[in-house]
Each structure stands twice: as structure tokens, then as C-alpha cells.
Amino acid sequence: MEKQKVVIIGTGPAGLTAAIYLARANMNPLVIEGQQPGGQLTLTTEVENFPGFIEGITGTELMDNMRKQAERFGATFMNGWVTDIRTTQRPFVLSISGSDDIVADSIIISTGASAKWLGIPGEKENFGRGVSTCATCDGFFYRGKKVIVVGGGDSAMEEANFLTKFASEVTVIHRRNELRASKIMQDRARGNQKIKWALNKATTEVVDENGKVTGVKVTDNDTKEEEFIKTDGLFLAIGHTPNTAFLNGKVKTDENGYIIVKPGSTLTSVPGIFACGDVQDVTYKQAITAAGTGCMAALDVEKYLEGEMALDWSQTLS
Ligand code: NAP
């Protein structure tokens, strides 16, 4: 394969937005689709908060449209799994499992982050039908209903608080007696009358009836007593794993594996490699913010390839 100007790894909203911009700029981006084409959005049902769609749009359709839009301007897609990037040479060399190596002048990493799962029966089977990993996306569907949030970190507190705007009652289930969340987030949640607590309990099963979640089974860690907690929806907030293992430490990440970018840009520790979307976003993790940083990455790549960018900010990284 001939040398690529730019390779985009990942096809969520970040990667596809970067592809649209770069294709329109005649950069002929090559986009590598991983195991989940379209990214996390294809796991949700209706997306009602992506601007421009009055009645909402399904996650799959939104991603399909973005892909077709990128193709219309000349982006090329290939299926593959990047296993390594040789970063010490220029151009870069990407190893792809089952395919030939790809050589590229620049790379955009938009491999996203995957929500963690409990790994219990009924969980994946009911995903999108009562089990969710995103309160911002799905909270609206639980107006006047009872929901459960699993987790004890800041995300769990934030999601529990957010869900009280819609739900009649939110129960937080956490595996320990102590919450991991920061004091301010804990205080806010504890002060919310709509939030109930089921602490020191392991969630063991999601129960459904006629295709709808009806409750979860929990076991108390001390007494080993089993309990059934009724609910209409279960929100998992036990953290995310950024998809950066394939980088083998060659691009600088924080202690949780998120790629560190220069603030206000998509520059990584390696000049010529850029990151956008959830793989570098500890805070927002929304489709629209991912798309926004995808646009930034495309513009950064253009500047880089035109030699107009002072890139080496990596020495400032500790
Ligand atoms: P987190 O801090 O890693 O917390 C994950 C929580 O899920 C922990 O309470 C953990 O329990 C629990 N958990 C993990 N695996 C589990 C399992 N298999 N079964 C049951 N429970 C499990 O993740 P996060 O809350 O998503 O936060 C990630 C980062 O983003 C943090 O640095 C956080 O401060 C930050 N954040 C900040 C804000 C904000 O400031 N507004 C909002 C959200 C997130 P244990 O406690 O027992 O380990």
C-alpha cells in the first residue's frame, strides 16, 4: 500500500468527523475500523441530544450518515485491528492484524473508551432495553420511573444526581460501604432526597420480564443475604477503559490510560500523532464533544502536514 498522508484509527463521531474534514481538504484519509464500527453510539438506541435532529436519530443511523458523508468526499475505509505503531521513525508504520503494514505521515487516534461492565447475567442481554451506560443519553426515558445506578465514584454520584431530574427514585448500589467519589460529589448525592443507598452489596443479576428490566439481585457482603431490588432501569457507572492498550506506552497517557493532549489542541506526546474523542476525554464523553475534537484533530493534521506547526510540546509533559 502506498504511503498515506493521514490514517485515522477508529470510527466513532471523533474519527468520522476528522475523516469528513480531511476528505474535504483533499487529504484522502484512510480510516481503520475496529471491532465496533461506529463506536459506542451504535450501542445506544435513540440519540436525542445531537444538534440538528429535531426528532432525534438512532445511533446507528447517525454513524452511518457520518461515514457516508466522509466517503462522499473521498475517505477510504478498511477493516482492521491496529496492534502497534512504530513511532520512532518517519513516516510512521502501523502494524495491522491480518493485513500488511501501513505507512503514514500522520495518525489520528480516535479509538474511544469502553464502558466497564459488571459481567453478570442479564446485563448485556438487556443493554438498550433497561440497561444503560450513559445517564445523559438515556435518563430522559425514565421520567417518573425507578432507576438504579451501580458504582461509588464521581460518575455514579453525578449520574445519580442527574437522574433525579427524571426518575421518581434513584438507588445507588455500591460494592463497599465507603464511596470512592470526592467529598463534594458525595455530599451533593447524600443531600438529594430522591437518592436511596444500597451499600456494601454486590450486584449479581439483572432480571427481566417480557423484554423489560424489572429489577436486580444483590447480595450483602457481610450477611450474604440476597435481595431483589425492583427497578425500571439500571445505569452502570463503574468507569471506562480508554482503548489505548495497542499503543504499548509509546504515546503518553495518564495513570488511567487516557491519552494526554496539549490543552486546547489534539497534539499528543509524539509529533505527528493526534488524539480526539473519548480516548483523550476524561470529563465530557459526549458524541458532540467527540465530534468537536475530531474536527480539531483534522485541522491540526492539516497544519502539521503543511509544516506550519510548532509541535514539540512533549518536553513540557512530566
Ligand atoms: P472510578 O472513579 O474508577 O469509580 C468507579 C466506581 O465503580 C468505584 O466506586 C468502583 O468501586 C466501582 N466499580 C468498579 N468496578 C466495579 C465492579 N466490577 N463491580 C462493582 N463496582 C465496581 O470511575 P468514575 O466514577 O467513572 O470516574 C473516573 C474519573 O473521572 C475519576 O477521576 C473521577 O474523579 C472523574 N470524574 C469527575 C467528575 C466530576 O468531577 N464532575 C465526574 C465524573 C468523573 P470501588 O470504589 O470499590 O473501587
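Everything discussed here concerns the structure shown above.
Figured I'd write up the structure that's included with this text. (Residues numbered from 1 in each chain as written. Predicted model: local features only at pLDDT ≥ 70, side-chain atom pairs only at ≥ 80, totals over all residues. Heavy atoms only, no water.)

## Some details on the packing of helix α4 (residues 154-163) against helix α5 (residues 183-190)
Between two packed helices, the angle of one axis relative to the other and the distance separating the axes together describe the packing. Packing of α4 against α5 brings their axes to within 9 Å, and their N-to-C directions diverge by 30°. Our classification of the angle between α4 and α5 gives roughly parallel. At the point where α4 passes α5, the crossing takes the left-handed sense. Contacts from Asp154, Met157, Glu158 and Asn161 of α4 reach α5 at Met185, Gln186, Arg188 and Ala189. Looking at the contact of α4 with α5, its residues break down into three nonpolar, two polar and three charged. (Axes fitted to C-alpha atoms, helices over the stretch in contact; angles between N-to-C directions. Helix = DSSP H or I, 4+ residues; strand = E, 2+ residues; numbered from the N terminus. Parallel < 35°, antiparallel > 145°, perpendicular 65-115°, else oblique. Left-handed = near helix turned anticlockwise from the far one by under 90°. Contact = heavy atoms within 4.5 Å. Nonpolar A, V, L, I, M, F, W, Y, C, P; charged D, E, K, R; others polar.)

## Description of the state of the cysteines
Counting across every chain of the model gives one disulfide. With a sulfur-sulfur separation of 2.1 Å, Cys134 is cross-linked through a disulfide to Cys137. Across the S-S bond linking Cys134 and Cys137, the dihedral sits near 75°, which makes this disulfide right-handed. For Cys134, a relative accessible area of 14% puts it in the buried group. Classification of Cys137 as partly exposed rests on a relative accessible area of 24%. Cys295 provides the cysteine sulfur closest to Cys276, a residue in no disulfide bond, and the two sulfurs are 9.9 Å apart. (Disulfide = S-S within 2.5 Å. Buried < 20%, exposed > 50% of the residue type's maximum accessible area, 1.4 Å probe, protein only.)

## Some words on the site of the ligand
Surrounding the ligand, one finds 16 residues, the nearest of these being Asp154, Ser155, Glu158, Arg176 and Arg180. At a separation of 3.3 Å, an oxygen atom of the ligand approaches a polar backbone atom of Gly153. Here Ser155 contributes a side-chain N or O atom positioned 2.6 Å from an oxygen atom of the ligand. Burial of the ligand by the protein amounts to 69% of the accessible area it has alone, namely 920 Å². If you tally residues by element for the shell around the ligand, the top one is α4, at three residues. Its residues assigned to classes, the shell around the ligand comprises five nonpolar, six polar and five charged. (Near = heavy atom within 4 Å. Polar contact = N/O pair within 3.5 Å; in protein donor to acceptor, adjacent residues only side chain to side chain. Areas by Shrake-Rupley, 256 points an atom, 1.4 Å probe, with all protein chains shown as cover.)

## A word on helix α2 (residues 59-72)
Relative to the 20 Å expected for 14 residues at 1.5 Å per residue, α2 spans 20 Å between its end C-alpha atoms, a close match to the ideal helical length. At its buried positions, α2 is contacted by α1 (13-24), β3 (46-47), β4 (57-58) and β5 (76-79). One or two residues past the end of α2 sits Gly74, with phi positive at roughly 110°. (Expected span 1.5 Å × (residues − 1).)

## Some thoughts on the sheet that holds strand β12 (residues 169-173)
Taken in spatial order, the five strands make up an open sheet running β10-β17-β11-β12-β13, and their pairing is parallel. Of all the strands in the sheet, just β10 (131-132) and β13 (195-198) have a single pairing partner and so form its edges. Across two bridges, the pairing between β10 and strand β17 (residues 233-236) is parallel. Bridging from a neighbouring strand, Val131 pairs with Leu234 of β17. Across the sheet, α4 touches β11 (146-150), β12, β13 and β17, and the angle it forms with β11 is around 170°. (Pairing = 2+ DSSP bridges.)

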